[in-house]
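What the coordinates show
Here is how the chains run, residue by residue.
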Amino acid sequence: MRLSHYPIQTTKETPAEAEIVSHQLMLRAGLIRRLAAGLYSWLPMGLRTLRKAETIIREEMNRAGAFEVLMPVVQPAELWQESGRWGKYGPELLRLKDRHQRDFVAGPTHEEVITDIARRELKSYRQLPVNFYQVQTKFRDEIRPRFGVMRAREFVMKDAYSFHADEPSLEAGYRLMHETYTRIFTRMGLDFRAVRADSGPIGGDVSQEFHVLASSGEDAIVFSDGDGYAANMEAAEALAPAEARPAPGEPLQKVPTPGAKTIEAIAKLLGVPPQHCLKTLLVEGDGEGDAAVVALVIRGDHELNATKAQHLPGVAAPLRMAGAERIHQATGAEAGFIGPVGLKCRIYADHSALAVADFVCGANEKDMHLTGVNWDRDIQGYVAADLRNVVEGDPSPSGQGRLKLARGIEVGHIFQLGRKYSDALKALVLDESGREVTLLMGCYGIGVTRVVAAAIEQNHDERGIIWPEPLAPFQVVLVSLGAQKAPQVRETADRLYGELTAAGIEVLYDDRDARPGVKFADAELLGIPHRLVVAERGLAAGRLEYRHRRESESVEFPADEALSFLRARIGH
RNA sequence: CGGGGUGUAGCUCAGCCUGGUAGAGCACUACGUUCGGGACGUAGGUGUCGCAGGUUCAAAUCCUGUCACCCCGACCA
């Protein structure tokens, strides 16, 4: 492709709207343009990369025996009513009416449609297992779209759905997708981790997320340095401390703590470390009276894990903190002075909070705290639970090593759905003995547009993008310098362009009448892996210049060996 | 949804406080010089100052409303 005729506009200045580096670089390199909040157009250069990602995904899905389909973006409300999600899905679901006032949705995902296909097409266990996938546009009306295509409202997703007659088959299909995703992200040249995700009350290892590691990632992920354990923060288990709790050594005392509503303030005021202060969070319960709130007690230096909390019996899901009125009703005090002593509501205490003796907590009385508090002696009827986020250095739940924290960008999610949709939509097949059985389902997503952004987030420098080679829009950028006044430069570059292209190499030929600085800067901003420079200087000696985007020094080589030289570099 | 902020040329922004002929840089067009790391000169085109009302002799500027966009928050008492 000749750059002189390629519709692309790069900019030196960073657009004000872009906060993270991938968004900035995608705009500066002219890969995408914003149409409205969370809606982006892909321009030719950007689309080439998006297609590369799609192609890798398709090849690996096909290799795994999945079948590509294409389902409608617009879906009838009836299907969503049938699955129950019409009522449950919040404002993220874009609802539309057609001219006949019939309700439709812009599909945020396609479980309903694929299950409808399955119940029509699948009649016998002999047709199973089967995996259908598509690469298609989704719409989710995000509260706050941001970070460009990283969290857009409209985005391209590869979604796959597998159907099985029994659990072992579902598990095998799930494992196959795990392998397939690993192949996909490996082929893309990304540094990624598969982590356990929150699998809900069902339990078991049925949901995993694939994260591209990047310091700017929105998600906290956790992994062990001593074994294979990896999970996202929501799902990462905090073990109970191994050491036994010391015996009570102090009497229970009430002390005035005027205005000290935070752990930090109390720790400072009373001169105790935060881990000896326990904080009591009141959340809404799922009942009336004493069951209207639930108390959660964690150590002052720990954070509540909302996902864990909302799975506890008696806690309303989704988790909501109790309002000031509820807090007053349940404790007689206000937030900041709450403690577990004397509470009538259900009390859950985090394992690590239970290991503390002679601790400080709120007195359930304004401007008062208790010191020398002890479990069992002063508080009874509590239940031990895992309530907190793990912290760096916690022991690995699977036994070996300590936990480390990292940031990740979720680019894939695989899930054993079970019968949730097949039950609701009555997707059944006949088994070997002629009995009707409900299909088991797995679903597997990859955010294709997000993968592109994540690749940049992980691979860039101050000059621009550094594409992993499998995702680069072009493999080679061929730069001619001074072609206007040196005909042999133009001739050589033209000939090289023809030869390399004929050899099947994707070449972006910068034949523009621009100054060297402009050409180099654009080549680096665009992140093309291999750069070939044709200039009068080297050509006089019969030499060309090569440089990889990741390297800082160029190398020269004989001009007539260009093809073999490049082939060796590209591995083509 | 709550709080904060911004809307002026294709882009980045100044001008607004203190009302008086709409600006700079980048980008774009032409010509000339330049040519191995985002050149320079000359000339040129470019605007419903987000939109609607209001105040005023006069509004980008003041007032009211409205729309759009951005940021923070919406668990950590």
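Residues numbered from 1 in each chain as written. Chains lettered and ligands numbered in written order. Predicted model: local features only at pLDDT ≥ 70, side-chain atom pairs only at ≥ 80, totals over all residues. Heavy atoms only, no water.

1. So, the sheet that holds strand β29 (residues 543-548)
In spatial order, the strands read β27-β26-β28-β29-β30; together these five strands make up an open sheet with mixed pairing. With one partner strand each, in any of the chains shown, β27 (507-510) and β30 (555-558) form the two edges of the open sheet. Pairwise comparison of adjacent strand axes, ignoring direction, gives a mean angle of 25° for this sheet. In this sheet, β27 lies alongside strand β26 (residues 476-481) in parallel orientation, the contact comprising four bridges. Within β27, the residue paired with Val-477 across the bridge is Leu-508. Relative to the sheet, helix α13 (residues 487-502) contacts β26, β27, β28 (530-535) and β29, its axis offset from that of β27 by approximately 165°. (Pairing = 2+ DSSP bridges. Helix = DSSP H or I, 4+ residues; strand = E, 2+ residues; numbered from the N terminus. Axes fitted to C-alpha atoms, helices over the stretch in contact; angles between N-to-C directions. Contact = heavy atoms within 4.5 Å.)

2. Overview of the domain arrangement of chain A
The domain boundaries assigned to chain A delineate domain 1 (18-191 + 415-455), domain 2 (253-385) and domain 3 (474-570). For domain 2 versus domain 3, the separation of C-alpha centres amounts to 67 Å. (Domains from an automatic or database assignment.)

3. Examining the packing of helix α2 (residues 44-63) against helix α6 (residues 167-187)
Working note: a packed helix pair is described by the angle between its axes plus the distance between those axes. Two numbers describe how α2 lies on α6: the axes approach to 10 Å, and their chain directions differ by 150°. One element, α2, and the other, α6, form an angle in the roughly antiparallel class. The two elements α2 and α6 cross, and the hand of that crossing is right-handed. Residues Ile-56, Ile-57, Glu-59, Glu-60, Met-61 and Arg-63 of α2 form the contact with α6, whose own contacting residues are Met-177, Thr-180, Arg-183, Ile-184 and Arg-187. Broken down by class, the residue content of the contact of α2 with α6 amounts to five nonpolar, one polar and five charged. (Parallel < 35°, antiparallel > 145°, perpendicular 65-115°, else oblique. Left-handed = near helix turned anticlockwise from the far one by under 90°. Nonpolar A, V, L, I, M, F, W, Y, C, P; charged D, E, K, R; others polar.)

4. Comments concerning the sheet that holds strand β14 (residues 278-284)
Strand order across the open sheet formed by four strands is β14-β15-β16-β19, with mixed pairing between neighbours. Every other strand in the sheet has two partners, leaving β14 and β19 (382-385) as the edge strands with one partner each. Each neighbouring strand pair of the sheet contributes to a mean axis angle of 25°, computed without reference to strand direction. Strand direction decides the pairing type here: β14 and strand β15 (residues 293-299), joined by seven bridges, are antiparallel. From the neighbouring strand, Leu-282 faces β15, where its bridge partner is Ala-295. Against the sheet, helix α9 (residues 324-331) engages β14 and β15, with an angle of about 115° to β14.

5. Comments concerning the protein's contact with RNA strand B
Arg-144, Lys-279, Ala-335, Glu-524 and Glu-545 are the nearest of the 42 residues found near RNA strand B. Counted by atom, the contact set of RNA strand B within 4 Å of the protein is 47% sugar and phosphate. In this structure, a base nitrogen belonging to RNA strand B sits 2.9 Å away from a side-chain N or O atom of Arg-463. Sorting the residues of the surface near RNA strand B by element identifies β14, α14 (516-526), β28 and β29 as the ones contributing at least two each. Broken down by element, the residue count for the surface near RNA strand B peaks at seven residues, all from α14. A class-by-class count of the residues in the surface near RNA strand B yields 18 nonpolar, six polar and 18 charged. (Near = heavy atom within 4 Å. Polar contact = N/O pair within 3.5 Å; in protein donor to acceptor, adjacent residues only side chain to side chain.)

6. Some points on the pattern of salt bridges
Under the definition given, this model contains 41 salt bridges. The partner of Glu-218 in a salt bridge is Arg-151, and the shortest N-O contact between them spans 3.1 Å. Placement of the pair is Glu-218 in the loop between β10 (207-213) and β11 (219-224) and Arg-151 in the loop between β7 (130-139) and β8 (154-164), with a sequence separation of 67 residues. Note on Glu-218: relative accessible area 32%, which makes it partly exposed. Several salt bridges converge on common partners, so that one network encompasses Glu-59, Glu-60, Arg-63, Arg-183 and Arg-187. (Salt bridge = Lys/Arg side-chain N within 4 Å of Asp/Glu carboxyl O. Buried < 20%, exposed > 50% of the residue type's maximum accessible area, 1.4 Å probe, protein only.)

7. Quick notes on the packing of aromatic side chains
In this description, a pair of aromatic rings is defined by centroid distance and the angle of the planes. Counted according to the given criterion, the structure contains 13 aromatic pairs. Look at Tyr-6 and Phe-474: their rings are 6.0 Å apart centre to centre, the planes differ by 80°, and that puts the pair in the edge-to-face class. One end of the pair, Tyr-6, is in the segment before α1 (21-28); the other, Phe-474, is in the loop between β25 (464-465) and β26, and 468 residues separate them in sequence. In terms of burial, Tyr-6 and Phe-474 fall into one category: buried. An aromatic cluster of three or more residues is present, and its members are Tyr-181, Phe-185, Phe-192 and Phe-210. Here the basic side chain of Arg-95 rests over the ring of Trp-86, its NZ or CZ set 4.6 Å away from the ring centre. (Phe/Tyr/Trp six-rings, centres within 6.5 Å; stacked < 30°, edge-to-face > 60°. Lys NZ or Arg CZ within 6 Å of the ring centre and 35° of its normal.)

8. A word on the pairing of strand β2 (residues 39-42)
The sheet contact formed by strand β1 (residues 32-36) and β2 spans four bridges and is antiparallel. Counted as the bridge partner of Ala-36 is Leu-39 from β2. The hairpin turn running from β1 into β2, its antiparallel successor, is two residues long, and Gly-38 in that turn takes a positive phi close to 75°.

9. Some points on the environment of Glu-171
Along the chain, the position of Glu-171 falls in helix α6. Along the primary structure Glu-171 and Gly-442 are separated by 271 residues, whereas in three dimensions their C-alpha atoms are 8.7 Å apart.

10. Side note on unusual backbone geometry
Along the chain, Leu-128 connects to Pro-129 via a cis peptide bond; the corresponding omega equals -10°. With a phi angle near 70°, Asp-376 is a residue other than glycine that sits in the positive phi range. In this structure, Asp-376 sits in the loop between β18 (368-373) and β19. By relative accessible area, which is 42% here, Asp-376 ends up partly exposed.

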